[in-house]
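Residues per chain, in single letters:
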Amino acid sequence: MKIQNGADALAGSACPKKATELFYVTKPKAPKALPEPFMTEIDADCGHVAMRSADAQATACLVDSIDELTYWHAVNNGRGYRAFVGSANHG
C-alpha cells in the first residue's frame, strides 16, 4: 500500500490476487448465486443466514486468480454479512 493524501491507496490494483476458492450462496431454483462472492465459507454461511432461505447453501468455486475489485468485493461482503448476522442475533 502507498499513502496518498493521508489515506491508504492500493498499489498495483490491476494485478490479480492468487486464490484457490471463492464461496457463494446458491439456491437450487435461482439462475445465479446471490449475493456474491465471499472469501471464506464462514462468511458465505453468514450470507446464507441473512437470506433466511431453507434451501440456500454455501458452495465453493475454484479459481486461478481474482482481480483487486473482486477481492475487495468479497472481503466487504464478508464483513457486512458478519456484522448483519451478529447484530440480528444480539438485538
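In case you missed it, the structure is sitting above this.
The sections below set out a description of the structure shown in this document.

Rules of the game
- Residues numbered from 1 in each chain as written.
- Predicted model: local features only at pLDDT ≥ 70, side-chain atom pairs only at ≥ 80, totals over all residues.
- Heavy atoms only, no water.
- Helix = DSSP H or I, 4+ residues; strand = E, 2+ residues; numbered from the N terminus.
- Buried < 20%, exposed > 50% of the residue type's maximum accessible area, 1.4 Å probe, protein only.
- Contact = heavy atoms within 4.5 Å.
- Areas by Shrake-Rupley, 256 points an atom, 1.4 Å probe, with all protein chains shown as cover.
- Salt bridge = Lys/Arg side-chain N within 4 Å of Asp/Glu carboxyl O.
- Core = buried A, V, L, I, M, F, W, Y, C linked by side-chain atoms within 4.5 Å.
- Phe/Tyr/Trp six-rings, centres within 6.5 Å; stacked < 30°, edge-to-face > 60°.

Per the secondary structure count, the protein includes 2 helices and 6 strands. Written out in order from the N terminus, the α and β elements of the protein read β-β-β-β-α-β-β-α. Put simply, the protein has 91 residues, and 26% of those count as buried. Taking the intrachain contacts of the protein between residues at least 6 apart in sequence as the baseline, contacts between residues at least 24 apart amount to 67%. Accessible surface for the protein amounts to roughly 6,200 Å². Of this, 54% is attributable to carbon and sulfur atoms.

Before going further, it helps to examine the pattern of salt bridges. Under the criterion given, the structure shown has 1 salt bridge. Across the salt bridge formed by Asp43 and Arg82, the nearest N and O atoms sit 2.5 Å from each other. With Asp43 in helix H1 (residues 41-51) and Arg82 in helix H2 (residues 68-90), this pair connects stretches of sequence that are 39 residues apart. By relative accessible area, which is 38% here, Arg82 ends up partly exposed.

The biggest cluster of nonpolar side chains holds 5 residues, and these are Phe23, Val25, Phe38, Ala44 and Ala56. The contacts of Ala56, once residues within four sequence positions are left out, are Val25, Thr26, Lys27 and His48.

For any pair of aromatic rings, the description rests on two quantities: the centre-to-centre distance and the angle between the ring planes. Scanning the model with the defined rule gives 2 aromatic pairs in all. Consider the rings of Phe38 and Tyr81, whose centres lie 5.7 Å apart with planes at 75°: the pair is edge-to-face. Separated by 43 residues along the polypeptide, Phe38 in the loop between strand S4 (21-26) and H1 and Tyr81 in helix H2 bring together distant segments of the chain.

To continue, consider the environment of Phe84. Checked against the element boundaries, Phe84 lands in helix H2. Remark: the alpha-carbon pair of Phe84 and Gly47, spanning 37 residues in sequence, is separated by 9.0 Å.

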